[in-house]
Amino acid sequence: MVWWPIGASLFASNIGSGHFVGIAGTAAAGGLAIGGFEWNALVVVIILGWLFVPIYIKAGVVTMPEFLRKRFGGQRIRIYLSVLSLFLYVFTKISVSHSYDCSLYITDVQSIKTTRYTVYIHYRSKVWGGLAAVIYTDTLQTIIMVVGSFILMGYAFNEVGGYENFQPRYMEAIPTLTGVNISESCYTPRPDSFHIFRDAVTGDLPWPGLVFGLTVQATWYWCTDQVIVQRCLSAKNLSHVKAGCILCGYLKLLPMFLMVFPGMISRILYPNEVACVEPEECLRYCGASVGCTNIAYPKLVVDLMPNGLRGLMLSVMMASLMSSLTSIFNSASTLFTMDIYTKIRSSASEKELMIAGRVFILVLIGVSIAWIPVVQSAQSGQLFDYIQSITSYLTPPIAATFMLAIFCKRVNEPGVFYGLTIGLAIGLTRMISEFAYGTGSCVTPTNCPEIICGVHYLYFSIILFCISCLLIVSISLMTKPIDDKHLHRLCWQLRNSTEERVDLELDNWEENQEPVYVDIEGKREPTEEPGCCKKAVLSFCGLEKSNAPKLSAEEQAELQRKLTDTSEKPMWRNVVNANAIILLCVCVFLHGFYG
């Protein structure tokens, strides 16, 4: 793949219902600080393209658990990461698709439609292959999303009288029905609504958490998540990887203007509905007693756009949902088949793995739909805060693992495994306690003990990351180190090594080819022609009957060399490096301007 579809696919895979609904809703409730979550990615995508992906390419891996297996050996870390990644896909990414409609029934129907679409687009394509089909589809959907969102932004600003009237009108957007015993802070806009950096103690998104805690989560998502890294590994060469990351970074500038500002404008135009605080009124407007900020963006679409453009914007929102879900389903299927199913059936054929991956997608949908009621009431009904809180509780140990795996060759398997296990136990303690007591809302605060739920989730992310790093390094230093012969091209210090690497453990999955029978003269015997029904099934599933040509040892070595090559032409290396510096300067300027 070349750089521009990679960059577009990275953006489209990231932008989903958590953005059009969640970010706009959180912006309506608390102001533009939530846009800092998007701009933080401008720095992390540079880290992805310049530090992490070169190691992944040199390692010659397909999945992130596979990298950890090569780096540390054994199977328990690989299986741990695969299971946790699938867990996160279900409870943070797929479940939030409910927010496109308050009706659970409509959401279930749409989820089933998306699953059908996913199976078709991934596996029916025989020309591009699964991932390529998803990337090109994401590219088209990115164009639709950006164009449609710009149109809605224009209508929204026109409705409030332009940018100069935007700030004063937002600060006056207060619902009419405020209740007798409800605190004024629950329905009045925050005084710091137009600042990204907020007080470290009293801020709803404290600035140290936004700078450091969010970077921990972003490192996990952008640098170690299968959905994202899989796109980078499909690039023609490392320069295309870097250029794709830069394009994605520039696209990530847009959500502040296309989603955050329109979400705040929605509160200006519809304060009684979007900013409601009375539980009975909220139930009447959106079916959720904890608040209705999540309807901010959809309400703009329905009320402001004329008929033709309204259909375009609904397709934009559906495109964001489907591009995000297709990416997740593709990567989840890869994780399940290659890292879990092959451990159950090590002799499984490629055809069996493909069928198992498709069935697993259906299972993911069922579990995700069952989790929707929990999502609807978590974090005061604010979808994006729910997603970020879950990732803050579960992902810092993974971020610590990958960072140390690449930049500290002394860490070993026992240190990583016990660091991950203890870190997961700490994170689950916080997450389960929060769900058990309930996150509450401004009107009805939670009774969760302060020592458990009193620490902001972004601060908790920093604490858990530091604890995980300390555990991994300490336990590794107390146990036997890994010899350098096993680490060539797997960590930063040995990234340019040309010595042959001795894998700690060979993969136990071997492709189970159909047996080929030859006669005594060495000629291939004709295989039996499948019947009409079998042909139809194979065609529908995208399965080929014929065997792939077997490569010689020299051809396999040459193919492996090309797949692990990270060389760049000097001119294009300088071009992407210069653009990376420009992108970082833009990032610094915007944070300073809106800080």
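Here, the structure is the one placed above.
Calculation criteria
Residues numbered from 1 in each chain as written. Predicted model: local features only at pLDDT ≥ 70, side-chain atom pairs only at ≥ 80, totals over all residues. Heavy atoms only, no water. Axes fitted to C-alpha atoms, helices over the stretch in contact; angles between N-to-C directions. Helix = DSSP H or I, 4+ residues; strand = E, 2+ residues; numbered from the N terminus. Parallel < 35°, antiparallel > 145°, perpendicular 65-115°, else oblique. Left-handed = near helix turned anticlockwise from the far one by under 90°. Contact = heavy atoms within 4.5 Å. Nonpolar A, V, L, I, M, F, W, Y, C, P; charged D, E, K, R; others polar. Buried < 20%, exposed > 50% of the residue type's maximum accessible area, 1.4 Å probe, protein only. Expected span 1.5 Å × (residues − 1). Disulfide = S-S within 2.5 Å. Salt bridge = Lys/Arg side-chain N within 4 Å of Asp/Glu carboxyl O. Phe/Tyr/Trp six-rings, centres within 6.5 Å; stacked < 30°, edge-to-face > 60°. Lys NZ or Arg CZ within 6 Å of the ring centre and 35° of its normal. Patch = residues over 30% accessible without salt bridge, like charges linked within 9 Å, V, L, I, M, F, W, Y side chains within 5 Å. Areas by Shrake-Rupley, 256 points an atom, 1.4 Å probe, with all protein chains shown as cover.

A. Inspection of the packing of helix H4 (residues 41-59) against helix H26 (residues 570-594) at higher detail. Running from N to C, H4 and H26 cross one another at 160°; their axes reach a closest spacing of 9 Å. Between H4 and H26, the interaxial angle falls into the category roughly antiparallel. In the packing of H4 onto H26, the handedness of the crossing is left-handed. Residue-level inspection shows Leu42, Val43, Ile46 and Trp50 of H4 in contact with H26, the latter providing Val576, Asn577, Ala580, Leu583, Leu584 and Cys587. Tallied by class, the residues present in the contact of H4 with H26 amount to nine nonpolar, one polar and no charged.

B. Local environment of unusual backbone geometry. Positioned with a positive phi, Arg489 is a non-glycine residue whose angle comes to about 65°. Positionally, Arg489 belongs in the loop between helix H23 (457-477) and helix H24 (532-541).

C. Seen up close, the side chain of Asn40. One can find Asn40 in the loop between helix H3 (35-39) and H4. Asn40 sits in the buried class, given a relative accessible area of 10%. Setting aside anything within four residues of it in sequence, one finds Asn40 in contact with Leu210, Val211, Leu214, Thr215, Ala218 and His591.

D. Region of interest: helix H12 (residues 238-251). An ideal rise of 1.5 Å per residue puts 20 Å on 14 residues; H12 measures up with 20 Å between its terminal C-alpha atoms. Among the 14 residues in H12, 12 count as buried, and that is most of the element. Taken together, the buried positions of H12 are Leu238, Ser239, His240, Val241, Lys242, Ala243, Gly244, Cys245, Ile246, Cys248, Gly249 and Leu251.

E. Just the packing of H12 against H26, in detail. Between H12 and H26, whose axes approach to 10 Å, the crossing angle comes to 20°. In this view, H12 runs roughly parallel relative to H26, as classed from their interaxial angle. Relative to H26, H12 is oriented so that their crossing is left-handed. Within the contact between the two elements, H12 uses Ser239, Lys242, Ala243, Ile246, Gly249 and Tyr250 and H26 uses Trp572, Arg573, Val576, Asn577, Asn579, Ala580, Ile582 and Leu583. Each residue belonging to the contact of H12 with H26 can be placed in one class, and the counts come to eight nonpolar, four polar and two charged.

F. Spotlight on the state of the cysteines. Enumeration over the complete set of coordinates arrives at one disulfide. The disulfide bridge from Cys276 ends at Cys282, spanning 2.2 Å between sulfur atoms. Residues Cys276 and Cys282 are joined by a disulfide whose S-S torsion is about 130°; by sign, that bridge is right-handed. Exposure remark for Cys276: the relative accessible area of 8% places this residue in the buried category. With no disulfide partner, Cys469 has as its closest neighbouring cysteine sulfur the one in Cys466, 6.6 Å distant. The closest cysteine sulfur to the non-disulfide-bonded Cys491 is located on Cys408, 9.0 Å from its own sulfur. In this structure Cys491 comes out as buried when scored by relative accessible area, which is 0%.

G. Quick peek at the pattern of salt bridges. Enumeration over the complete set of coordinates arrives at 13 salt bridges. Put simply, Arg198 and Asp192 hold a salt bridge, and the shortest N to O gap is 3.8 Å. On the basis of relative accessibility, which here comes to 3%, the residue Arg198 falls in the buried class. The closest approach of N and O atoms between Arg430 and Glu434, which form a salt bridge, is 3.3 Å. Of the two residues, Arg430 and Glu434 are both situated in helix H21 (residues 413-437); the distance of four residues between them amounts to about one turn of the helix. Glu434 carries the same exposure label as Arg430, and that label is buried. Taken together, the shared-partner salt bridges connect Arg190, Asp192, Arg198 and Asp204 into one network.

H. The arrangement of the packing of aromatic side chains in detail. Summed over all chains, the structure comprises 25 aromatic pairs. When the ring of Tyr221 is compared with that of Trp222, the centres are 5.2 Å apart and the planes differ by 90°; the resulting orientation is edge-to-face. Considering the side-chain rings of Phe261 and Tyr594, the 6.3 Å spacing of their centres and the 55° angle between planes classify their relative orientation as tilted. Taken together, the residues Phe261 in helix H13 (residues 255-269) and Tyr594 in helix H26 connect sequence positions 333 residues apart. In this structure Phe261 comes out as buried when scored by relative accessible area, which is 2%. Classification of Tyr594 as buried rests on a relative accessible area of 11%. Ring pairs connect the aromatic residues Trp39, Phe157, Tyr163, Phe166, Tyr170, Phe194, Phe257, Phe261, Phe589, Phe593 and Tyr594, which therefore count as one cluster. Directly above the ring of Phe417 sits Arg76, whose terminal nitrogen or CZ lies 4.0 Å from the centroid. Stacked on the ring of Tyr285, the Lys or Arg Arg284 has its end atom at 4.7 Å from the ring centre.

I. Geometry of a nonpolar patch on the surface. A cluster of nonpolar side chains, Phe197, Trp207, Val211 and Phe212, forms an exposed patch at the surface whose accessible area comes to about 370 Å². By the element assignment, Phe197 lies in the loop between helix H9 (163-171) and helix H10 (207-224).

J. Up close: the environment of His195. By secondary structure assignment, the location of His195 is in the loop between H9 and H10. Relative accessible area serves as the criterion here: at 39%, His195 is assigned to the partly exposed category. As for His195 and Gly595, which are separated by 400 residues in sequence, their C-alpha atoms are 5.2 Å apart. Residues contacting His195, with those up to four places away along its chain left out, are Leu32, Ala33, Tyr594 and Gly595.

K. Representation of the environment of Cys469 in the model. Among the secondary structure elements, Cys469 is positioned in helix H23. For the pair Cys469 and Gly423, spaced 46 residues apart in sequence, the C-alpha separation works out to 9.5 Å. Residues contacting Cys469, with those up to four places away along its chain left out, are Ala400, Met403 and Leu404.

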